[in-house]
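What follows is each chain in one-letter form.
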Number of protein chains: 2
Amino acid sequence: MVIDSHEHIMFLTKTQLEKMDAAGVDRTILFCSAPHPEKAGNLSELESEMDTLYRVLAGDNSKKDNIRRLEKNILEVTEAIKDNPGRFLGFGSVPLGLSLEETQEWIETHITANSLCGIGEFTPGNEQQIMELDTVFQSVQNTRLYPVWVHTFHPVTLDGIKRLMALCEKYSEIPVILGHLGGSNWMDVIKFAKGHENVYLDLSAAFASIATKMALVELPERCLYSSDAPYGEPYLYRQLIEFVSPNQTTAKMALGENIEKLLDSLGLVS
Amino acid sequence: MVIDSHEHIMFLTKTQLEKMDAAGVDRTILFCSAPHPEKAGNLSELESEMDTLYRVLAGDNSKKDNIRRLEKNILEVTEAIKDNPGRFLGFGSVPLGLSLEETQEWIETHITANSLCGIGEFTPGNEQQIMELDTVFQSVQNTRLYPVWVHTFHPVTLDGIKRLMALCEKYSEIPVILGHLGGSNWMDVIKFAKGHENVYLDLSAAFASIATKMALVELPERCLYSSDAPYGEPYLYRQLIEFVSPNQTTAKMALGENIEKLLDSLGLVS
């Protein structure tokens, strides 16, 4: 089965399914989204959409606004899954900056009760937000083990990635998916993942085919195909993996088997 | 004609030609290269190769070492062109930090005398190096107009890009190719290019298909296909342009017509 392990929910759902069909993707793991760049036909429209994301990344929104936004976004994801249970799975957002008890309650109410199978995307825009992830990891440890998906491309710096690596070591039972392979820091990220069994490599936002190739050569069992749609195209990212994989077995693992095995091992898919 | 407007010279040349053939690329513009990542079979070998590049980017090498390296690298490019005149064109490196007279002499001796058709890649690692580009632009103005190719992805910052934009305005007759579309600053770069006719957008190192699409929608006449091989795959980058172009006319312009027209207009290809 081909699984796109990271797409943001798009409107219309029909467009999302068409892109999956064109790429030969059987199932997609949906993530929440504040902006909807798929609606933009030109740069000016896209800028308006992206301003929403940049404010979130910069941590400019109030805690209350963020919570309301995340609740709405999770609802969008769970409704898309309900309408297309054979095609979609979902990860759910968790607000940063809540107390341990509030975070645990959020996970039970918004993730577990909705049968979502992971947590994220976290897009920590500053060091404080990276530190707040500790509370999320602790809550996951205390409630139920879920994979945690963290954006590690720009604007997350190498320093931020190193703090995240420390969390991966502190909570070594929690699977952590390093989103976008660390961006420009992909070599450090691959090396770290090789030494830490709970760390997975997301292959979206690839800017150098050689980085994707090296991840697949070095750690075939923990590479995960994703397109990050609507930012990336599911068809092109699948092609990338098929083109640079050292062999077909590796390509199949990255294109679906690895994520399926991970979710199975945690009892998160039926 | 399909032209990959930016590949680094690879060893063996046979491998480079095979990749071009597989991608349906008629001609490639070769650029010098210090490292040769195409030789690396795994991450450890790649790290050794890339250390060379990182030292260059960080400006760690002595002026004398850099000059000797660039002379050797230009010779490699001109020999590959001599052996395959129907398939290769070339851009030549120019050292930063020389005097105006030395730079002009370098351009005459190493670029013009070798029938190269452009200057670069410049990979300015710090602000001082961006400022030293002024001497290069002045020399180009004084000798013969060549397109100048500048890396604008990480580690070049938005501040560095803004200084480069100031040079594009100061030397408005010199075509400037903004390599890798500005990286994370792609929106700023596309907007700037729209207002400045001498600015071209290189589409390699694309980490978001949507950025490539927006460049093609907004400025079809100044988008240039390239793979940045061996970092990117010529086949995959061609596919990207064909997949996201709003129409076939735009794709054809980006895949070869635009760069051909630019070089023709400066009398740089026969």
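As a reminder, the structure under discussion sits directly above these lines.
Residues numbered from 1 in each chain as written. Chains lettered and ligands numbered in written order. Predicted model: local features only at pLDDT ≥ 70, side-chain atom pairs only at ≥ 80, totals over all residues. Heavy atoms only, no water.

Q: What's the story with the sheet that holds strand S5 (residues 148-151) of chain B in this structure? I'm lost.
A: Whenever strands of a sheet pair, they do so through backbone hydrogen bonds, lying parallel or antiparallel. Residues and elements named next belong to chain B. Spatial ordering of the open sheet is given by S4-S5-S6-S7-S8, a layout of five strands whose pairing is parallel. The open sheet has two edge strands, strand S4 (119-122) and strand S8 (223-224), and neither has a second partner. Inspection of the sheet shows S5 paired to strand S6 (residues 176-179) by four bridges, in the parallel sense. When the bridges of S6 are listed, Val148 appears paired with Val176. (Pairing = 2+ DSSP bridges. Helix = DSSP H or I, 4+ residues; strand = E, 2+ residues; numbered from the N terminus.)

Q: Which parts of the structure should I look at to understand the interface of chain A and chain B?
A: Many authors give the size of an interface as the accessible area that is lost as the parts come together. Listed per partner, the contact involves 37 residues of chain A and 37 residues of chain B. Between chain A and chain B the total buried area reaches about 3100 Å² when both faces are included, carbon and sulfur atoms providing 69% of it. Considering only the side of chain A, the residues that lose the most area to chain B are Leu43, Met187 and Phe243 of chain A, jointly responsible for 20% of the buried surface there. Viewed at the interface, chain B and chain A are joined by two salt bridges. (Contact = heavy atoms within 4.5 Å. Buried area = accessible area lost by both parts, 1.4 Å probe. Salt bridge = Lys/Arg side-chain N within 4 Å of Asp/Glu carboxyl O.)

Q: I tried to follow the relation of the copies chain A and chain B on my own but got confused; where do I start?
A: The pair of chain copies shares a relation made of a rotation about an axis and a shift along it. Between chain A and chain B, which share one sequence, the superposing operator has a rotation angle of 180 degrees and an axial displacement of 0.0 Å; the RMSD is 0.0 Å. Both copies of the chain, as the preceding transformation shows, are related through a two-fold rotation axis. Identified as the residue of chain A closest to the rotation axis by C-alpha distance is Phe207 of chain A, at 2.1 Å. Taken as a fraction of all interface residues of chain A, those also at the interface in chain B reach 100%, which identifies the copy contact as same-surface. (Least-squares fit on C-alpha atoms with pLDDT ≥ 70 in both.)

Q: Any chance you could explain a negative patch on the surface here in plain terms?
A: There is a patch of like negative charges on the surface, built from Glu101, Glu102, Glu105 and Glu108 of chain A. Relative to the elements of secondary structure, Glu101 of chain A occurs in helix H4 (residues 100-112). (Patch = residues over 30% accessible without salt bridge, like charges linked within 9 Å, V, L, I, M, F, W, Y side chains within 5 Å. Areas by Shrake-Rupley, 256 points an atom, 1.4 Å probe, with all protein chains shown as cover. Lys, Arg positive; Asp, Glu negative; His and termini not counted. Charge placed at Lys NZ, Arg CZ, Asp CG, Glu CD.)

Q: Quick question: what am I supposed to make of the nonpolar core here?
A: In globular proteins that are soluble, nonpolar side chains generally tend to be buried together. With 180 residues, the main nonpolar core has Trp186 of chain A together with Trp186 of chain B as its most contacted residues. Ignoring sequence-local partners within four residues, the contact set of Trp186 of chain A consists of Leu181, Phe207, Ile210, Ala211 and Met214 of chain A together with Leu43 and Leu46 of chain B. (Core = buried A, V, L, I, M, F, W, Y, C linked by side-chain atoms within 4.5 Å. Buried < 20%, exposed > 50% of the residue type's maximum accessible area, 1.4 Å probe, protein only.)

Q: Help me out: how do you make sense of the environment of Ile190 of chain B in this one?
A: For Ile190 of chain B, the position within the fold is in helix H7 (residues 186-194). Assessed through its relative accessible area of 0%, Ile190 of chain B is described here as buried. For the pair Ile190 of chain B and Met214 of chain B, spaced 24 residues apart in sequence, the C-alpha separation works out to 8.3 Å. Every residue in contact with Ile190 of chain B, bar those within four places of it in the chain, is listed here: Leu43 of chain A together with Leu181, Leu201, Ala211, Met214, Ala215 and Glu218 of chain B.

Q: How should the pattern of salt bridges be read in this particular structure?
A: Opposite charge on two side chains allows them to pair when their charged atoms are near. Residue and element names in this part refer to chain B. Evaluated as defined, the whole model comprises 18 salt bridges over all chains. Across the salt bridge formed by Lys170 and Asp134, the nearest N and O atoms sit 2.7 Å from each other. Of the two residues, Lys170 is situated in helix H6 (residues 158-170) and Asp134 in helix H5 (residues 127-142); the sequence distance between them amounts to 36 residues. Judged by its relative accessible area of 53%, Lys170 is exposed.

Q: Is there a simple way to think about the packing of aromatic side chains in this case?
A: The relation between two aromatic rings is expressed through the spacing of the ring centres and the mutual angle of the planes. For the coordinates displayed, the defined rule picks out twelve aromatic pairs over all chains. With a centroid separation of 4.7 Å and an interplanar angle of 35 degrees, the aromatic rings of Phe31 of chain A and Phe91 of chain A are classed as tilted. Of this pair, Phe31 of chain A sits in strand S2 (residues 27-31) while Phe91 of chain A sits in the loop between strand S3 (88-90) and H4, and the two are 60 residues apart along the sequence. Pairing Phe31 of chain B with Trp149 of chain B gives two aromatic rings, centres 5.5 Å apart and planes at 65 degrees, and the pair type is edge-to-face. With Phe31 of chain B in strand S2 (residues 27-31) and Trp149 of chain B in strand S5, this residue pair connects regions lying 118 residues apart in the sequence. Residue Trp149 of chain B is classed as buried on the basis of its relative accessible area, which comes to 0%. Taken together, the ring pairs connect Phe153 and Phe207 of chain A together with Phe153 and Phe207 of chain B into an aromatic cluster. (Phe/Tyr/Trp six-rings, centres within 6.5 Å; stacked < 30°, edge-to-face > 60°.)

Q: Even after reading the chapter, I still don't get the packing of helix H1 (residues 13-23) of chain A against helix H9 (residues 234-244) of chain A, so can you show me in this structure?
A: How two helices sit against one another is set out by the angle between their axes and by the gap between those axes. All names here are of chain A. As a packed pair, H1 and H9 sit with axes 8 Å apart at the nearest point and diverge in direction by 30 degrees. In terms of orientation, H1 and H9 fall into the roughly parallel class. Between H1 and H9 the crossing geometry is right-handed. Seen from H1, the contacting residues are Lys19, Ala22 and Ala23; seen from H9, they are Pro234, Tyr235 and Arg238. Its residues assigned to classes, the contact of H1 with H9 shows four nonpolar, no polar and two charged. (Axes fitted to C-alpha atoms, helices over the stretch in contact; angles between N-to-C directions. Parallel < 35°, antiparallel > 145°, perpendicular 65-115°, else oblique. Left-handed = near helix turned anticlockwise from the far one by under 90°. Nonpolar A, V, L, I, M, F, W, Y, C, P; charged D, E, K, R; others polar.)

Q: Mind showing me how you'd approach the sheet that holds strand S1 (residues 3-8) of chain A here?
A: All names here are of chain A. A sheet is described by the order of its strands in space; here three strands give the open sequence S1-S2-S3, paired in parallel fashion. If you trace the sheet from one side to the other, it starts and ends with S1 and S3, each paired once. Adjacent strand axes in the sheet meet at a mean angle of 30 degrees when their direction is disregarded. Where S2 and S3 come together, three bridges link them in parallel fashion. Note that in S3 the partner of Thr28 across the bridge is Phe88. Along the sheet, helix H3 (residues 63-83) makes contact with S2 and S3, crossing S3 at roughly 150 degrees.

Q: When you look at unusual backbone geometry in this model, what are you seeing that I'm missing?
A: A cis amide bond, omega 10 degrees, links Ala229 of chain A with the succeeding residue Pro230 of chain A. Tracing the backbone through its elements, the reader meets Pro230 of chain A in the loop between strand S8 (223-224) and H9. At the junction of His154 of chain B and Pro155 of chain B, the peptide bond is cis and its omega measures out at 10 degrees in the coordinates. As for its placement among the helices and strands, Pro155 of chain B is situated in the loop between S5 and H6. Phi is positive for Ala205 of chain A, close to 55 degrees, though the residue is something other than glycine. Residue position: Ala205 of chain A is located in the loop between strand S7 (199-202) and helix H8 (209-218). Ala205 of chain A gets classed as buried once you look at its relative accessible area, which sits at 7%. Unlike most non-glycine residues, Asp228 of chain A shows phi in positive territory, near 55 degrees. Under the relative-accessibility criterion, Asp228 of chain A is labelled buried at 9%.

Q: Please clarify how the packing of H4 of chain A against helix H5 (residues 127-142) of chain A should be interpreted in this entry.
A: All names here are of chain A. Contact pair H4 / H5: the axes reach a minimum separation of 9 Å and the direction vectors enclose 55 degrees. For the element pair H4 / H5, the angle class is oblique. Considering the relative orientation of H4 and H5, their crossing is right-handed. Across from Leu100, Thr103, Gln104 and Ile107 in H4, the residues of H5 making contact are Thr135, Val136, Gln138, Ser139, Val140 and Asn142. Taken together, the residues that form the contact of H4 with H5 break down as four nonpolar, six polar and no charged.

Geometric values such as these leave the question of function open.
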